[in-house]
Amino acid sequence: MAEIVRSGFVEGHHYGSIVALAPDGSVDWSVGEVAAPVLPRSSNKPIQALAMVELGLDLPDDLLALACASHSGEPFHVDGVRRTLASAGLDESALRTPPDYPLDDTAREAVIRAGGQKSPILMNCSGKHAAMLATCVARGWDTETYLEVDHPLQVAIVETFERLTGEPATVAIDGCGAPLLSASLTGLARAFSALATATGGPEQRIAEAIRRHPEFVSGTTRDELTLHRAVPGLIGKAGAESVYAVALPDGRAWALKTDDGAPRVRPVLMAEALRRSGVLAEDGVDADAVEGTGRLELLGGGKPVGEIRAAF
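This structure is a prediction, so every number in the text was calculated from the model and none was measured.

(A) Spatial organisation of the overall build of the protein. When helices and strands are counted, the protein shows 12 helices and 13 strands. Taken against the 2.2 N^0.38 rule, which gives 20 Å for 312 residues, the C-alpha radius of gyration of the protein at 19 Å falls within 12% of a compact globule. Classification of the 312 residues of the protein by burial places 55% in the buried group. Within the protein, contacts between residues at least 6 apart in sequence are counted, and of these 63% link residues at least 24 apart. Taken as a whole, the protein presents about 12,400 Å² of accessible surface, with 50% of it coming from carbon and sulfur.

This is the structure we're talking about:
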């Protein structure tokens, strides 16, 4: 999928798979294995959030976007998690996320300089967990066991997930402790297409929340935010192990994963996928910004001496 090039010498490769769907949902093109199940990790979050809205979760758009997030732990993210919890009469002690520092370097260093410690609310999945708790309160369900696979919240999420992907899901456990559902890259792209094309209902609410508040879905310094702002109507979500899913309002969608899980190559591959599908040449698209997300220089002595480049 990609070559690691230093001083003109190809010193390594990233292997993986990617699928591109046409507006009608058919496979436009693909590279690698796109029909076998994978674990999409945090790329599942918009679909999980959809299930929560279907169950009665009612949050303003910024907090709904945060429910879809692997947030950077910037102050507005942490404040948003507290707002979500407070809307349900809860505080951060209800969270079952493992304690962590913020993903963002600046935010993490600020916490450490202030004498702060790892905490559940700083963990990048706390927005999703807060939304899960708020959903449980809205339905009158137990909040202590909300992460259990047989909890009614998680059972409902499986039903929504399988409906959107069109595939049966295997249940694993994600890094944050929540149930994690499998899908093929084709099924994942299909689910994102359903969100991006929605013209009403909970699906549209999720898509519009992401479009209006992409900084809540990732952070102010992330490549995902740049891509959201560069391509009109785009919704996207990255996940651990170098997973990435993106869709447009016309139904086109892309999903990718690398075998080694290296996060550095994820935006490189998505930028190339959008270029290959002709998106960069379309009206309103900031092609320079998209290409910028796909540019990864390798340094030697602090100076650029190579790059990681797409090779599919």
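The discussion continues.
(B) Structural context of the packing of helix H1 (residues 45–54) against helix H8 (residues 201–212). The N-to-C vectors of H1 and H8 enclose an angle of 130°; their axes lie 9 Å apart at closest approach. As judged from the angle between their axes, H1 and H8 are oblique. For the pair H1 and H8, the sense of crossing is right-handed. Across from Pro46, Ala49, Leu50, Val53 and Glu54 in H1, the residues of H8 making contact are Pro202, Glu203, Ile206 and Ile210. When the residues that make up the contact of H1 with H8 are grouped by side-chain class, the tally is seven nonpolar, no polar and two charged.

(C) Spatial organisation of helix H11 (residues 266–276). Of all 11 residues making up H11, nine are buried, and the element is well covered by its neighbours. Of all the positions in H11, only Arg266, Pro267, Val268, Leu269, Met270, Ala271, Glu272, Ala273 and Leu274 are classed as buried. Positive backbone phi, at 85°, marks Gly278, one or two positions downstream of H11.

(D) Looking closely at the pairing of strand E1 (residues 2–6). Of the pairings in the sheet, the one linking E1 to strand E2 (residues 9–14) comprises five bridges and is antiparallel in character. Across the sheet, residue Glu3 finds its bridge partner in E2, namely His13. What sits between the antiparallel neighbours E1 and E2 is a turn of two residues, in which Ser7 has the positive phi angle 55°. Where E1 lies against strand E13 (residues 303–310), five bridges are found, and the strand directions are antiparallel. Bridging from a neighbouring strand, Glu3 pairs with Arg309 of E13.

Here is what the cut-offs are and how they apply
- Within each chain, residue numbers correspond to sequence positions counted from 1 in written order.
- In keeping with the predicted nature of the model, local features appear solely for residues at pLDDT of at least 70, side-chain atom pairs appear and are counted solely at 80 or more, and the whole-chain, interface and lining totals rest on all residues.
- As a rule here, side-chain values cover all heavy atoms of the structure and leave hydrogens and water aside.
- Only DSSP runs of H or I reaching four residues or more are called helices, and only runs of E reaching two or more are called strands; each is numbered from the N terminus.
- Atoms counted for the radius of gyration: C-alpha only. Globule rule: 2.2 Å times residue count to the power 0.38.
- Only protein chains enter the accessibility calculation, which uses a 1.4 Å probe; a residue whose area is less than 20% of its type maximum is buried, one above 50% is exposed, and one in between is partly exposed.
- Contacts: residue pairs with any heavy atoms within 4.5 Å of one another.
- Per-residue and other accessible areas were derived by the Shrake-Rupley procedure at a 1.4 Å probe size, with only the shown protein chains allowed to occlude residues.
- For helices, the fitted line uses only the C-alpha atoms of the stretch in contact; every axis is such a line through C-alpha atoms, and the angle between N-to-C directions lies from 0 to 180 degrees.
- Each angle is binned into one of four classes, with values under 35 degrees roughly parallel, values over 145 roughly antiparallel, values of 65 to 115 roughly perpendicular, and all other values oblique.
- Here a crossing is called left-handed whenever its near helix is offset anticlockwise from the far helix by less than a right angle, and right-handed whenever the offset is clockwise.
- Basically, the charged four are Asp, Glu, Lys and Arg, the nonpolar ten are Ala, Val, Leu, Ile, Met, Phe, Trp, Tyr, Cys and Pro, and anything else, Gly included, counts as polar.
- Two strands pair under a simple rule: DSSP has to find at least two bridges between them.

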